[in-house]
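Notes for the structure review
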Protein chains: 2
Amino acid sequence: MIVEIADILIKQDRKREFEQAVFAALTTIFPKAKGFRGHVFYRCIETPGRYSLQLTWDTLDNHTVDFRGSSLFTEWRALVGDCFAQPPHVEHFECVD
Amino acid sequence: MIVEIADILIKQDRKREFEQAVFAALTTIFPKAKGFRGHVFYRCIETPGRYSLQLTWDTLDNHTVDFRGSSLFTEWRALVGDCFAQPPHVEHFECVD
């Protein structure tokens, strides 16, 4: 299991639209993706428009190859892409144990 | 409940020491802190030395006032401070629901 952490900054006037779009994607898009296991979705207190979207996948390839190479990724970006103030910063993490 | 997310970059030769120090702190320091509720501790796959330490607190003040103003914070920084390659970037988040 790995965790994708997307550090997202959106346009200031898109908060409601962005949050609704992420919830829609978490209901209709990500559950169809191979290896998708769960999410946490956080709104930053200090920096308006900053979010941390953390998605759990079985493997790194499930995100970087399977999901990004699928039409689901196109659907996801069509939903939220216009809300981004800049490209999200995305890296992957493993639990330290 | 709020989540403190610390984006940490450590010196390349301190990985084992840093991870052991964080585990020590999670056992001996944070459980004594008022309002501390739990943690996740992630190691970045792409960027060597990058970690995401995410600590859950009852309130923002439990971290920024109670913990940072206590001797526990001094103990924490004494354990890990020398491992940091730069000051950690710390912000606080709430669940989007």
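Further up the page is the structure itself.
A few points on the structure.

1. Some points on the pairing of strand E4 (residues 89–95) of chain B
Successive residues of a regular strand alternate their side chains across the two faces of the sheet. Pairing between strand E2 (residues 36–44) of chain A and E4 of chain B: 3 bridges, direction antiparallel. Residue pairing for E4 of chain B: Tyr42 of chain A is matched across the bridge by Cys95 of chain B. Both strand E1 (residues 2–9) of chain B and E4 of chain B contribute to a ladder of 5 bridges, which runs antiparallel. If you follow Ala6 of chain B over to E4 of chain B, its bridge partner there is Val90 of chain B.

2. A word on the relation of the copies chain B and chain A
Overlaying chain B on chain A yields an RMSD of 0.0 Å, the required transformation being a rotation through 180° with an accompanying axial translation of 0.0 Å. This pairing of chains is accounted for by a two-fold axis. When the interface residues of chain B are mapped onto chain A, 100% of them again lie at the interface, so the same face is used by both copies.

3. Quick look at helix H2 (residues 60–67) of chain B
Residues and elements named next belong to chain B. Of all the residues in H2, the buried ones are Asn62, His63 and Phe67. All buried residues of H2 lie within an arc of 95° about the axis, which places them on one face of the element. For H2, the elements touching its buried residues are E1, strand E3 (50–57) and helix H3 (71–80).

4. A closer look at the environment of Ile5 of chain B
By the element assignment, Ile5 of chain B lies in strand E1. For Ile5 of chain B, a count of 22 C-beta atoms within 10 Å translates into the label buried. When the C-alpha atoms of Ile5 of chain B and His92 of chain B are compared, they prove to be 6.1 Å apart, with 87 residues separating the residues in sequence. Setting aside residues no more than four positions away along its own chain, Ile5 of chain B makes contact with Ser52 of chain A together with Ser52, Gln54, Glu91 and Phe93 of chain B.

5. Considerations on the pairing of E2 of chain A
Residues and elements named next belong to chain A. Bridge count between E2 and strand E3 (residues 50–57): 7 bridges; the pairing is antiparallel. Along E3, the bridge assignment pairs Gly38 with Thr56. Connecting E2 to the antiparallel partner E3 that follows it, the hairpin turn spans 5 residues, and Gly49 within it adopts a positive phi of roughly 90°.

6. Observations regarding the environment of Glu46 of chain A
Looking at where Glu46 of chain A falls in the secondary structure, it is placed in the loop between E2 and E3. Taking the C-alpha atoms as reference points, Glu46 of chain A and Glu17 of chain A, separated by 29 residues in sequence, lie 20 Å from one another. Residues within four places of Glu46 of chain A in sequence aside, it is in contact with Glu91 and His92 of chain B.

Cut-offs used in this document
- Residues numbered from 1 in each chain as written.
- Chains lettered and ligands numbered in written order.
- Predicted model: local features only at pLDDT ≥ 70, side-chain atom pairs only at ≥ 80, totals over all residues.
- Pairing = 2+ DSSP bridges.
- Helix = DSSP H or I, 4+ residues; strand = E, 2+ residues; numbered from the N terminus.
- Least-squares fit on C-alpha atoms with pLDDT ≥ 70 in both.
- Contact = placed C-beta atoms within 7 Å.
- Buried ≥ 20, exposed ≤ 12 C-beta atoms within 10 Å, placed from the backbone.
- Arc of directions from axis to C-beta.

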